Amino acid sequence: IGQSAIANFTDDNPRVVAVNALYDFALESVLRVHNWSFAATRVSLVKDNDAPAWGFSAKYRLPNDFIRLIRLEQKSADFKVERPFLLTDGAEGKILYIRNEEDTTVYDPLFTRALTARLASDLCKQLTGDSTTHTVVMEREFDKYLDEARYIDQLEGTPPDIGHVPSHYREARINGDKFRSIEDS
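All values reported here derive from a predicted model rather than from experimental measurement.

Read from one edge of the open sheet, four strands run 2-3-6-5, paired in antiparallel fashion. Strands with a single pairing partner mark the edges of an open sheet, and in this sheet they are strand 2 (46-47) and strand 5 (79-82). Direction of pairing for strand 5 relative to strand 6 (residues 85-88): antiparallel, over a ladder of four bridges. The residue of strand 6 that forms the bridge with K80 is L87.

Right, here's the structure in full:
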């Protein structure tokens, strides 16, 4: 965006202050838009002693680094994220989620490029005073880098179930759970 590189992020100049103010927001927003393999984590959540007032049979406390839920292990269980809890009718709180990964050494280089473009786009108006030309160019750069990073990242795993409709019958057979019909839901 036409600015010189920042050598020290503890300096007290307007560029450093702006970057430090926007970095966490930019990181979390880019982590939230895709199931990044480097930030995916599997955990068993701790069940809360108090059940939800209505609608679900159990609630589990989400981890402090929780960004976004990818899925529950029990695919047919109904659920709702109501921070800081996961509400569900599932028997267990086993989840796959995107964590707020702060260790930059594990970032994919394409993710880093997309994050950098997001920051540049967010900082553009503030640092250059130009609210249109540079911002539009940086938004395009971000979209391009993000698309490339997501495409490559998703190639590194088994494709997700296409058109999978959760089935209480199938889950009961696989997991040994009690079968509940649609009317019981």
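With that out of the way, let us pick up the pattern of salt bridges. Applying the stated criterion to the full structure yields eight salt bridges. Taking the shortest distance from any N to any O, the salt bridge between E92 and K94 comes out at 3.3 Å. Residue classification places E92 among the partly exposed positions, given a relative accessible area of 41%. R118 is the salt-bridge partner of E139, the closest N and O atoms lying 2.5 Å from each other. Placement of E139 in helix 3 (residues 133-154) and of R118 in helix 2 (residues 109-128) is noted, with a sequence separation of 21 residues between them. One salt-bridge network, in which partners are shared between bridges, spans R118, D122 and E139.

The subject of this paragraph is the environment of V46. As for its placement among the helices and strands, V46 is situated in strand 2. For V46, a relative accessible area of 62% puts it in the exposed group. With 47 residues separating them in the primary sequence, V46 and G93 have C-alpha atoms 7.1 Å apart. In contact with V46, other than residues within four places in its own chain, are K59, Y60 and R61.

A word on the side chain of S121. In this structure, S121 sits in helix 2. A polar atom in the side chain of S121 sits 2.5 Å from the side chain of E139.

Here is what the cut-offs are and how they apply
- Residues numbered from 1 in each chain as written.
- Predicted model: local features only at pLDDT ≥ 70, side-chain atom pairs only at ≥ 80, totals over all residues.
- Heavy atoms only, no water.
- Pairing = 2+ DSSP bridges.
- Helix = DSSP H or I, 4+ residues; strand = E, 2+ residues; numbered from the N terminus.
- Salt bridge = Lys/Arg side-chain N within 4 Å of Asp/Glu carboxyl O.
- Buried < 20%, exposed > 50% of the residue type's maximum accessible area, 1.4 Å probe, protein only.
- Contact = heavy atoms within 4.5 Å.
- Polar contact = N/O pair within 3.5 Å; in protein donor to acceptor, adjacent residues only side chain to side chain.

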